[in-house]
Structures are given as structure tokens and as C-alpha cells.
Amino acid sequence: MEQRNRRVDMTLGLGLAGFVLLPWYRIEEGFYAFRWLARFPFGADEAPGLVQMVAEGRWWLAVVAALLLAAAAVRFFSPAGEARGRLLTALGVAGMGFLVLQGFAITFTGWSWTIGEALFGPLSTGQPAMGAGAVVVGLSFLFLFSVGLAEQGVMRGDFFVIAAIALLVALVAVFVFYPVLSMFVGAVQDIDGSFEPSGFLRNIQDPAIWSLDCVVSGARCGVAWRTLWLAVMTATGSTILGLAFALVATRTRFPFKKGLRLLTVLPIITPPFVIGLALILLFGRAGVVTTFLSDLFGIEPGRWLYGLTGIWIAQMLSFTPISFLVLIGVVEGVSPSMEEASQTLRADRARTFWRVSLPLMKPGLANAFLIGFIESMADFGNPLVLGGSHGVLSTEIFFAVVGAQTDPSRAAVLAIILLFFTLSAFLAQRLWLTGKNFATVTGKGDSGIHPALPRALAVGVNALVIPWTIFTLVVYGMILVGGFVNTWGLDNSLTLAHYARAFSVSLQDGSIAWTGVAWDSFWTTMMIALIAAPLTAAVGLLTAYLIVRQRFVGRNMFEFALMMSFAIPGTVIGISYIMAFNMPPLEMTGTALILVACFVFRNMPVGVRGGVAAMSQIDGSLDEASLTLRASSWRTIRRVVLPLLRPAIVAALVYSFVRAITSISAVVFLVSAKYNMATAYIVGLVENGEYGVAIAYSSMLIVVMLVIIAGFQLAVGERRLRRETRIAAPAGVRPLPAESIKEKIA
């Protein structure tokens, strides 16, 4: 009884603090600057909700105060139980609903809907975007809702689990679905926010988007079909090459297998447009190869690289290692005993591979294709560098936002088309694999050996892998060399000027001065990434715990909605965040918060899948034993589950940190003069033709990423799965005794 009351007291205390002790509205100069304290609590913009209601004439906040007082009355005059739980649940829903309603209904100038003015008359004052106080009060209503459900016995009365589910649903709704919905709404709005579908109708019928003249006349196709064709070609090519690499690494005697695995980290630690720069240094009009062929054979330098061909080569270089990373585990996971059984039935190696091994790899092939398709659709850096006049959807969206003729409606229409393509591929993959079973790991030991590849196939995959590996190494070599050349193609003398301009340091008045032009964006990037990485890992692993360990209504839909956010391209995320968070009720454009939120919810699905995989290997009896000994769910997670998830935690931290540094497709829309990320700054250098400084900056980022990956390897080590090791538990293994569990949770 006391614990139930304590939860309600803490929740009400949180709501009271938000309403009385924190600024209700957004602080323009930033909440964490704390300069608002000098004018608190009577400044017009810095006042808490109570003062806003009384002194500033914002009478609608009285409803919030009344709901908090009603919750306090329920706490003190109603005994704990189902009846009180129903009242608290209703008050929590009413509070959250009213905050959302008043946030959309009242803007800077007053009512945003005519029905509000008709019912209540004109307002003497409007309201800016919600601030810290409003957010804290919103959380208190959400926790009131959770406390009410717990008192009604939902989820066995486990408040932590209910609150975690409610909080995650709210966060995903705010930072994933609300921005996408805002993008759809923005497509049929005018600049002043009024309903105006003419822009949508004009853009959706634009021949520049849908034209198919290229099929009959050889003219240029519409940007939608160009992007779709490029994505299909990239996904197909990267999947084939990734499978070839995986087969060479696992089914042949290739002598440099560790080197192949090293290639998998290169696209992860490389800024996404650097490949395009390296290709320009090789095959551009002043490139090494172009100049060599021109001098040797008199071949006139051309512009063949600037178009879909160049983009496709760059994307193949960028995404093939990722396909390899996905497929190598799938190839290793095919049971050798099934292949041996096929050969025992007199099937030769070729028939065994095509009829047994390859069909069992279908889930991995589908995932690799989907990743290649979505990454190609979302790719912004390579098309920006190499696209020339052959734009794709991601670059067209960018220029519709920042171009000479800003057209938000066109940007929204293009983003909707891009989202339609990626979600269609995502759903097609789910439908294709639904109801099919590809399991070959049964829990029994499997000490068989994979048969060698058919000779013809072995020759074919080696003929693909070896030249492509050499080509990849040459391209990455150009990235390193390009930063030490004065002006590529004009003055190839070696210099350190680009590094000095980007990262120079000097002593001024006895202190270190970061005088290089790149330091501001570099330190901003590190700060944002260090904030976003632990939040991404925490949200992902908490979500994985709820999915694996808890059973609740809508769990499958909850998991599907989270993973569907993976299918939303970064370009769509960027444009939707601008449309959603550029005005009340939540205004975050130009702040560090919008960058952190973008990284957390963009990279969260990877943390979720990694957490689900790790959690599935931990026997649920450990949780049950802890709960049986009267530990709460939170204590069980902290003392039992988390220590067993250390490798998954470190992996999620490193991945989210690296992705936050190298991301570009969403970031390019969200950066500001105060918070400029490294990748966006490098894009600006490329647009200004400062290739040397851009490559020098990119090389520095690659070194930083290599150090982080090396630290990760030292901290966690390699996890090796050997066929010689039995994977079934030996007979007679006793479960972990309750005493050891008790020690864990003590």
C-alpha cells in the first residue's frame, strides 16, 4: 500500500515541479544555458505555468492545474485499488490529451483553428512552443496513467514495465510517426499553413518525376524511376558481391580472409560522400586514370563518371561490405549435416549448393537486398558529388528545401514518393518470408564440415572478389593520398597545408587555441555523438527487453512499428523533422536536441535487433528467479540482465556513436550555424571545391573511428563460433542455484 502511494506522490511531485519550478515555454537562448534563471519566475518567456496562467493571461493552463489538483484529491481521498486506478488512468489520459490539444490549437498569434475562436472568443495573447515545464508535466500525466494501470493489475501490477512501454510508445509517436504525418500534411499546405492542395497536385503530376520518355526516345527518365532503377541495381549488385565475398571467406582457401573481414568496417567508419570524392580523383576529368589514358592513348577526358554510372559504382563500393557483413553469418549458419545428407543421396556439389544451401540463405539474401535498396534510396552524399544533372530523389528533396526557389510542397511530395518505395520494399520482404521456415540450428551439436564450392562457382566468385578488393583498396588509398596533394590534377606536389588549415592549433595568452577551420564542427560532432550514443543504446536495449521478456497487447505491432522506422530513409527523416519541429507545439529546429533525437530514433532499430538477439540467449528462468525473490523488474534488469548484456551494450554504443559521426542524409537538413556536424561541414567544402580540406577532414574522422573500433575490439574481443564446439548443453547440467541469483540481486 505504501509503495503504491509513494509512486503517486512522486508522480504528483514531478507534475508540481514542472508547473511551478520550470519555464513552461521554450527558452530561445537554450534551457541549459541557465541564463533564464536571472529573470525567473516573472519573465514573460521564462515564467512557469502557474505564473503564465495568473500573470500573463493564459487561462487555458488552468485546466492543467485542475487536473493535477484532481489527481492529488484522488490520491488523498481514495484508497489504493482498482477504483483509484481507473480514476488515475482517466486523469492521465485527460492530461496528456489536453496538453496535445492546446499545443496545436493555440500558436504564437492565437487560435490556429476557427472553431476555437468561435467557442471561446479571440485570445489576447498566444503561446510559443512547449518548454521544459510542459514536457515534465506531460511526463507526470503519462506516469499517472501508468500508475493507474498498475493499480488495476495490468502486467501483474508492474509499474516499471507499464511505464517503460508507455514512455517508448510516446517517444516513437513523437519522434517517428508525428514527423512523417507532418510531412504528409505539409504536402497539402501553403507556406502560411493554410490548406492548399494545388502544390501537391502540381508536383505529383510533374513529368520531371514520372516521365518514361527514356524507354522510347532515349531521353532522361523521371527522377522517381531513375532513383528506383538505381536502387534495384545497387541492391542486386551489392547482394551478389556480398554473397561472393561471404562464400570466399567461408568456403574457399583464400589466403587473406582476415583482410576481407577488415573491409566490412570501412564503409561504417567512412563519411558517405568520400567514396565519390575518391572516384573523382581517379576517373574525373583531371583524375589519375583519366590523365594516364589521355597521355598514353590520346583518349579525350569525358564526363561519364558524373551520372548514374558514377553513383552506382560509389554505392556498390559503399554497400557491398555491409551486404558481406549480413551474409557471412547466414552462409556460416547453413547446417553442414544437411549438405552432407544431400551428397549422401548422390547429389554433386553443384546441385547441393543450388538446391540445398542457397535456398536456406534466402532470409539473409532478402535482408541484404533490402538494406542495399534502402541505403541506395537514402544515399545523399554520393549523388550530390557525382550526380551532375542526373539528380535522384534525395538530392532533389535537398534542393527543394535549400535551393533558389524554396518549395516545401515539392520536397514533401518527393519525400512521400521516396518513403513509398522503401516501405513497399520493406513490406514485400516481410510478406515473402512470412510463413516460411529456414531454421537449421536445432540446439544439437553439428560437427560437420561445409563442402567445398563447385569448381566453376569457386572460380567465378574469386574472379569477382579479387579485382573488386583491389579496386576498393585503390579507392581508399586515394582517400588518404588526396589530403596530401596541393590541387589534384593541377599541382600534385605533396603538402600538409590542408591538414594545417583544418586542424591547426596554436598557443594564445598561455592557452591552447583551436585555430583550424574544422575544430568547431569536430567538437560539436563529438559532443552530439557522445550524448546520442548512450541514449540510443538505452532505448534500444530497453525495447528489446520488453519485446523478448514481456507479453502485452499489441506487442507484435509495437515491434513492427519500431522496425518500420528502419525503412524510413534518412532524407525523409530530415525533411519530416523540419516540417514537424519548426513551429509549436514542439519547436527544436536549430538546436542540439533535434540532432540527438534524430540519431537516437534513426539508429534505434539496430540496437533493438542486437538487444533481441542477445536477450534471446539468456534463459528467462534467471529473470523469473529474481522476480520470485521479490526483486522488482528494474532491479532485475540492473543486477541480473545488464551484466549479461555487456557485449551487446558496447556494440550498440560503438555503432550508434560511429553512425552519429558519419550520418549525412538527415543531418544536412537539421544542422545550424551553432550546431554544425562534421559531415555537413564537409559537404560545404565539397560544394566550394575545397577537395583537399574535405579529404583531410574525412581522413581524420576515419582515424577517429578506427581508434574507437580498435578500443571496442580490445574491450569485448572476438566471438568465434567453431563447428568443433558442441552447441547443445551437456546432459545433466544443473540450473543456476537460487543462492547465486540472490547474491546478484542483493
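These lines cover the structure that appears in this document, whether it is placed above or below.

### A few points about helix α25 (residues 519–549)
Helix length check: α25, at 31 residues, gives a terminal C-alpha distance of 45 Å against a target of 45 Å (1.5 Å per residue), a fit within 8%. Within α25, 22 of the 31 residues are buried, leaving the element largely enclosed by the surrounding structure.

### Comments concerning the packing of helix α7 (residues 159–186) against α25
When two helices pack together, their arrangement is given by the angle between the helix axes and by the axis-to-axis distance. Closest axis-to-axis distance for the α7/α25 pair is 11 Å, and the angle between their directions is 120 degrees. The angle between α7 and α25 places the two elements in the oblique class. In the crossing of α7 with α25, the sense of the turn from one axis to the other is left-handed. For the pair α7 and α25, the contacting residues are F160, V161, A164, I165 and L168 in the first and V539, L542, T543 and L546 in the second. For the contact of α7 with α25, the class distribution of residues is 8 nonpolar, 1 polar and no charged.

### A look at a nonpolar patch on the surface
Among the surface-exposed residues, W59, V100, L101, F104, W113, I115, L119 and F120 lie close enough to one another that they form a single nonpolar patch of about 840 Å² accessible area. Those elements that provide at least two residues to the nonpolar patch are α4 (82–105) and α5 (114–120). Relative to the helices and strands, L119 resides in helix α5. Exposure remark for L119: the relative accessible area of 61% places this residue in the exposed category.

### Some points on the side chain of Q52
For Q52, the position within the fold is in helix α2 (residues 49–54). Among the polar contacts made by the side chain of Q52, one reaches the main-chain carbonyl oxygen of A44 at a distance of 3.0 Å. Not counting residues up to four positions away in its chain, the partners in contact with Q52 are W24, Y25, A44, D45, A47, G57, R58 and L61.

### Observations regarding the packing of aromatic side chains
To describe a pair of aromatic rings, you give the distance between the ring centres and the angle between the ring planes. Scanning the model with the defined rule gives 37 aromatic pairs in all. An angle of 85 degrees between the planes, with centres 5.4 Å apart, marks the rings of F503 and Y697 as edge-to-face. With F503 in helix α24 (residues 497–503) and Y697 in helix α34 (residues 691–716), this residue pair connects regions lying 194 residues apart in the sequence. Accessibility assignment for this pair places F503 and Y697 in one class, buried. Where F522 meets W523, the ring centres are 5.2 Å apart and the plane angle is 75 degrees; that geometry is what we call edge-to-face. Relative accessible area serves as the criterion here: at 40%, W523 is assigned to the partly exposed category. What links up through ring pairs into an aromatic cluster is the set F503, W514, W519, F522, W523, Y681 and Y697. The ring of F76 carries the charged tip of R75 above its face, separated from the ring centre by 4.6 Å.

### A short note on the packing of helix α11 (residues 223–251) against helix α16 (residues 308–333)
The contact between α11 and α16 brings their axes to 6 Å, and the two run at 45 degrees. On the basis of the axis angle, α11 is oblique to α16. Handedness of the α11/α16 crossing: right-handed. Broken down by class, the residue content of the contact of α11 with α16 amounts to 17 nonpolar, 9 polar and 3 charged.

### Digging into the environment of I695
Take I695: it is sitting in helix α34. Of the residues examined, I695 reaches a relative accessible area of 2% and is grouped as buried. Sequence-distant contacts of I695, defined by excluding residues within four places in its chain, comprise L277, L281, I479, G482 and G483.

### Looking at unusual backbone geometry
Of the consecutive residues F40 and P41, the connecting peptide bond is found in the cis state with omega at 10 degrees. Tracing the chain through its elements places P41 in the loop between α1 (2–20) and α2. Backbone geometry at M155 places phi at a positive 55 degrees, although glycine is not the residue there. For M155, the position within the fold is in the loop between α6 (132–151) and α7. Judged by relative accessible area, which is 16%, M155 ranks as buried. In this model, R156 sits at a positive phi of 60 degrees, which is unusual for a non-glycine residue.

Rules used in this analysis
- Residues numbered from 1 in each chain as written.
- Predicted model: local features only at pLDDT ≥ 70, side-chain atom pairs only at ≥ 80, totals over all residues.
- Heavy atoms only, no water.
- Helix = DSSP H or I, 4+ residues; strand = E, 2+ residues; numbered from the N terminus.
- Expected span 1.5 Å × (residues − 1).
- Buried < 20%, exposed > 50% of the residue type's maximum accessible area, 1.4 Å probe, protein only.
- Axes fitted to C-alpha atoms, helices over the stretch in contact; angles between N-to-C directions.
- Parallel < 35°, antiparallel > 145°, perpendicular 65-115°, else oblique.
- Left-handed = near helix turned anticlockwise from the far one by under 90°.
- Contact = heavy atoms within 4.5 Å.
- Nonpolar A, V, L, I, M, F, W, Y, C, P; charged D, E, K, R; others polar.
- Patch = residues over 30% accessible without salt bridge, like charges linked within 9 Å, V, L, I, M, F, W, Y side chains within 5 Å.
- Areas by Shrake-Rupley, 256 points an atom, 1.4 Å probe, with all protein chains shown as cover.
- Salt bridge = Lys/Arg side-chain N within 4 Å of Asp/Glu carboxyl O.
- Polar contact = N/O pair within 3.5 Å; in protein donor to acceptor, adjacent residues only side chain to side chain.
- Phe/Tyr/Trp six-rings, centres within 6.5 Å; stacked < 30°, edge-to-face > 60°.
- Lys NZ or Arg CZ within 6 Å of the ring centre and 35° of its normal.

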